[in-house]
Amino acid sequence: MLGLMQDWPLLLYKIIDHAAQQFGDREVVTRSIEGPIHRTNYREVRDRALRVAQRLEKDGIKLGDRVATLAWNTWRHLEAWYGITGVGAVYHTVNPRLFPEQIAWIVNHAQDRAMLLDLTFVPLMEAVQDKCPSIERYVILTDKAHMPATKLKNAIAYEEWIAEVDGDFAWKDFDENTAAGLCYTSGTTGDPKGVLYSHRSNVLHALQGCMKDTLSVSAQDSILPIVPMFHANAWSLAFSVPLAGAKFVLPGAKLDGASVYELLETEGVTLSAAVPTVWLMLMQHMQANKVELHTLNRVVIGGSACPPSMIEFFEERGVTVNHAWGMTEMSPIGTIGAIKPQLAALKGKDLMAIKAKQGHAIFAVEMKITDDENNRLPWDGVKFGRLKVKGPAIARRYFKREDEEILDEEGFFDTGDVATIDPNGYMQITDRAKDVIKSGGEWISSIDLENLAVGHPDVAEAAVIGVVHPKWDERPLLVIVPKEGKEIDRDAMLKFMDGKIAKWWMPDDVQFVREIPHTATGKINKLKLREEFKDYKLPSA
Ligand code: AMP
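The structure displayed is predicted, hence computed values, not measured ones.

Here is what the cut-offs are and how they apply
Residues numbered from 1 in each chain as written. Predicted model: local features only at pLDDT ≥ 70, side-chain atom pairs only at ≥ 80, totals over all residues. Heavy atoms only, no water. Helix = DSSP H or I, 4+ residues; strand = E, 2+ residues; numbered from the N terminus. Rg over C-alpha atoms; globule rule 2.2 N^0.38 Å. Buried < 20%, exposed > 50% of the residue type's maximum accessible area, 1.4 Å probe, protein only. Phe/Tyr/Trp six-rings, centres within 6.5 Å; stacked < 30°, edge-to-face > 60°. Lys NZ or Arg CZ within 6 Å of the ring centre and 35° of its normal. Domains from an automatic or database assignment. Polar contact = N/O pair within 3.5 Å; in protein donor to acceptor, adjacent residues only side chain to side chain. Near = heavy atom within 4 Å. Areas by Shrake-Rupley, 256 points an atom, 1.4 Å probe, with all protein chains shown as cover. Pairing = 2+ DSSP bridges. Contact = heavy atoms within 4.5 Å. Axes fitted to C-alpha atoms, helices over the stretch in contact; angles between N-to-C directions. Parallel < 35°, antiparallel > 145°, perpendicular 65-115°, else oblique. Left-handed = near helix turned anticlockwise from the far one by under 90°. Nonpolar A, V, L, I, M, F, W, Y, C, P; charged D, E, K, R; others polar. Right-handed = clockwise from strand over helix to strand, strands pointing away. Salt bridge = Lys/Arg side-chain N within 4 Å of Asp/Glu carboxyl O.

(A) Structural view of the overall build of the protein chain. Each helix and strand counted, the protein chain has 15 helices and 25 strands in total. Taken over C-alpha atoms, the radius of gyration comes to 23 Å for the protein chain, in line with the 24 Å a tight globule of 541 residues would show. Principal-axis analysis of the C-alpha atoms places the extent of the protein chain at approximately 70 × 65 × 45 Å. The burial tally for the protein chain puts 58% of its 541 residues in the buried class.

What follows is the structure in structure tokens.
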């Protein structure tokens, strides 16, 4: 017997309709690519998204077609997502930090029919457009006054493009399992893989994001997602924020410490989300200029491990840190560090030990850790194994690789991360499976060592890699970027770490560099770092 409730498919346009109806005047503020601060609201965003949908239909874009966006977080990019999905097409977020050949590769794989791009990326696409024959038209996300002279095929300014229709249009209806978004994983090994979100998975994930113990998005908030829309679905914020009716603040192309600080203060931001490298820039700006935060009260930090020193920086200033973990394949949020009631009495170091973990699974994310034979391991906070996940907003197959099985026999997806889970359900990432250091048959967590090293007051960034060792297979090498104007002594650094970790975890050596390589999504690029140190020999070897 089936239930007798209404059939109300979970389609993305329902979110922007709700925002426009219930919170029509709520502001959407952007640091525009052209320069000035731009202000609009949900009513106007919806009206213009309808025009995007109508205009796409006029261009022959139909159900299932892919439309690329190569853009920063702006109100136009937001309108584009709702417009594209509102006609049944699929927004394909292209990460501008990829190499041009990688961009051409994913555009060809996705067979994008059109691309909406920011002014910033016009030269980039001019250089690779010959390799992207599927794109029939380039829409530059600007107005006529700022439209550059360009050789991009059928190029038109976005404002002119949407002005060619009257906006008298109805959203298309279809099954909620219809594809809505496409985001390729960074693919440090092999070709990038396309994760294809559906309307249903995005709407469910938007609801998950709003929960108090997830991102706690509320109509009372002013929210600045610094995490780009081209990175892992913007951590659901492009959907959760309008769904809740919060004020939306979008940073455009400027993610440096000074620009982020200015937006946080002038727009009364209460909640923001970004990867640690972005927070590092803000922290450095605040320290150098001796300025403080006045409205911010929560930050979400994820994408890479958040070091305890970063958590302390914010919490000393009355800003609660929620450490989150997830991945593109998970829409992307998997766990979040909200404190459960049984831990509410914890203080000081004990509380920090929990906050530094990646958090507990949110609703609709099932987790398990397993050994290499896929036997479940206990949740004792000690045993670590491969972290596997299951849920309605988690990938079941990759785009155009539908014949490849990526789930185990219980339907779980292997995240490629190695983790522990404690008896309270808090998960802690030890490493990417391929980055963990194997010393004498035991594993050393590079993340733990990095977290410890950046706790040193003169260290800006730290990375740990395994280096070949004749006796132990691999031993840890600590690579450090000192803070500007600071010098650190190797032995003093090791002394700082001594006693805080097991003796056999101590790095065998420390090397100082000016810069540590990062991936297109802002993570430490261990593959590149290992390459840079391929001729390096440990003094202990
Ligand atoms: P992406 O798909 O680019 O978002 O990358 C996902 C991967 O980033 C995960 O599988 C983890 O290896 C890593 N990651 C994300 N969040 C965290 C975190 N809070 N701590 C450690 N690693 C993280």
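(B) Examining the packing of aromatic side chains more closely. Overall, the coordinates contain 13 aromatic pairs when judged by the stated rule. Both rings, one in F533 and one in Y536, keep their centres 5.9 Å apart while their planes meet at 80 degrees; by these two values the pair is edge-to-face. Each member of the pair, F533 as well as Y536, carries the same accessibility label: buried. Ring pairing ties together the aromatic residues W81, Y82, Y91 and F239, which thus form one cluster. It is K14 that lies over the ring of W8; its NZ or CZ is 4.4 Å from the centre.

(C) Here's a closer look at the domain arrangement of the protein chain. Taken domain by domain, the protein chain comprises domain 1 (13–366) and domain 2 (435–532). Relative placement of domain 1 and domain 2: their C-alpha centres are 32 Å apart. Counting across the interface, domain 1 meets domain 2 through 2 residue pairs in polar contact (both at pLDDT 80 or more). Breaking the side of domain 1 that touches domain 2 down by element, the ones donating at least two residues are helix 10 (276–289) and helix 11 (308–315). Examining the composition of the side of domain 1 that touches domain 2, we find that 3 residues originate from one element, helix 10, more than from any other.

(D) View of the site of the ligand. Residues in close proximity to the ligand total 15 residues, the closest being A324, T328, Q358, D417 and R432. In the model, a nitrogen atom of the ligand is placed 2.9 Å from a nitrogen or oxygen of the Q358 side chain. Between the ligand and R432, the relevant distance is 2.8 Å, taken from an oxygen atom to a side-chain nitrogen or oxygen of the residue. The fraction of the free accessible surface of the ligand (490 Å²) that becomes covered by protein chains is 93%.

(E) Inspection of the sheet that holds strand 9 (residues 194–198) at higher detail. Judged by pairing direction, the sheet is mixed, and its 7 strands sit side by side in the order 7-6-5-3-4-8-9 without closing on themselves. In this open sheet, the two strands that pair with only one neighbour each are strand 7 (156–157) and strand 9. Pairing analysis gives 4 bridges linking strand 3 (residues 66–70) to strand 4 (residues 90–93), with the strands arranged parallel. Note on strand 4: the bridge partner recorded for A68 is H92. Strands strand 4, strand 8 (179–184) and strand 9 of the sheet are contacted by helix 7 (residues 199–210), whose axis makes an angle of about 75 degrees with strand 9.

(F) Just the packing of helix 1 (residues 13–22) against helix 2 (residues 42–58), in detail. Relative orientation of the contacting elements helix 1 and helix 2 amounts to 140 degrees, with a least axis distance of 8 Å. Comparing the axis directions of helix 1 and helix 2 gives the class oblique. The element helix 1 and its partner helix 2 pack so that their crossing is left-handed. Across the interface between the two elements, I16, D17, A19 and A20 from helix 1 touch Y42, R43, V45 and R46 from helix 2. Looking at side-chain class alone, the contact of helix 1 with helix 2 contains 5 nonpolar, no polar and 3 charged residues.

(G) Structural context of the side chain of S439. Looking at where S439 falls in the secondary structure, it is placed in strand 21 (residues 437–439). Engagement of the side chain of S439 in a polar contact is seen with the side chain of R475, the distance being 3.0 Å. In contact with S439, not counting residues within four places along its chain, are I444, W472, E474, R475 and W504.

(H) Quick look at the packing of helix 1 against helix 8 (residues 237–244). Two numbers describe how helix 1 lies on helix 8: the axes approach to 7 Å, and their chain directions differ by 35 degrees. Seen from above, helix 1 lies across helix 8 with left-handed handedness. Contacts between helix 1 and helix 8 involve I15, I16, H18 and A19 from the first element and F239, P242 and L243 from the second. Residues of the contact of helix 1 with helix 8, tallied by class, amount to 6 nonpolar, 1 polar and no charged.

(I) Expanded view of the pairing of strand 25 (residues 509–512). Summarising the sheet, strand 24 (residues 473–482) and strand 25 pair through 4 bridges and their orientation is parallel. Considered in strand 25, the bridge of V479 is made with Q511. Of the crossover connections in this fold, the one passing from strand 24 over helix 14 (residues 490–497) to the parallel strand 25 is right-handed.

(J) Molecular detail of the pattern of salt bridges. Throughout the structure, instances matching the rule amount to 37 salt bridges. Residue E27 pairs with K247 through a salt bridge whose shortest N-O separation is 3.8 Å. With E27 in strand 1 (residues 27–31) and K247 in strand 11 (residues 247–250), the pair connects residues that are 220 residues apart, well separated along the chain. Here D435 and R530 are joined by a salt bridge, their closest N and O atoms 3.2 Å apart. Here R530 lies in helix 15 (residues 526–532) and D435 lies in the loop between strand 20 (426–432) and strand 21, a separation of 95 residues in the sequence. On the basis of relative accessible area, R530 is assigned to the partly exposed category, the value being 24%. The structure contains a network of salt bridges with shared partners spanning E34, R48, R76, E79 and E159.

(K) Geometry of helix 1. Counting buried positions over the 10 residues of helix 1 gives 7, a clear majority of the element. Within the span of helix 1, buried status applies to Y13, K14, I15, I16, D17, A19 and A20. At its buried positions, helix 1 is contacted by helix 2, helix 3 (75–86), helix 7 and helix 8.

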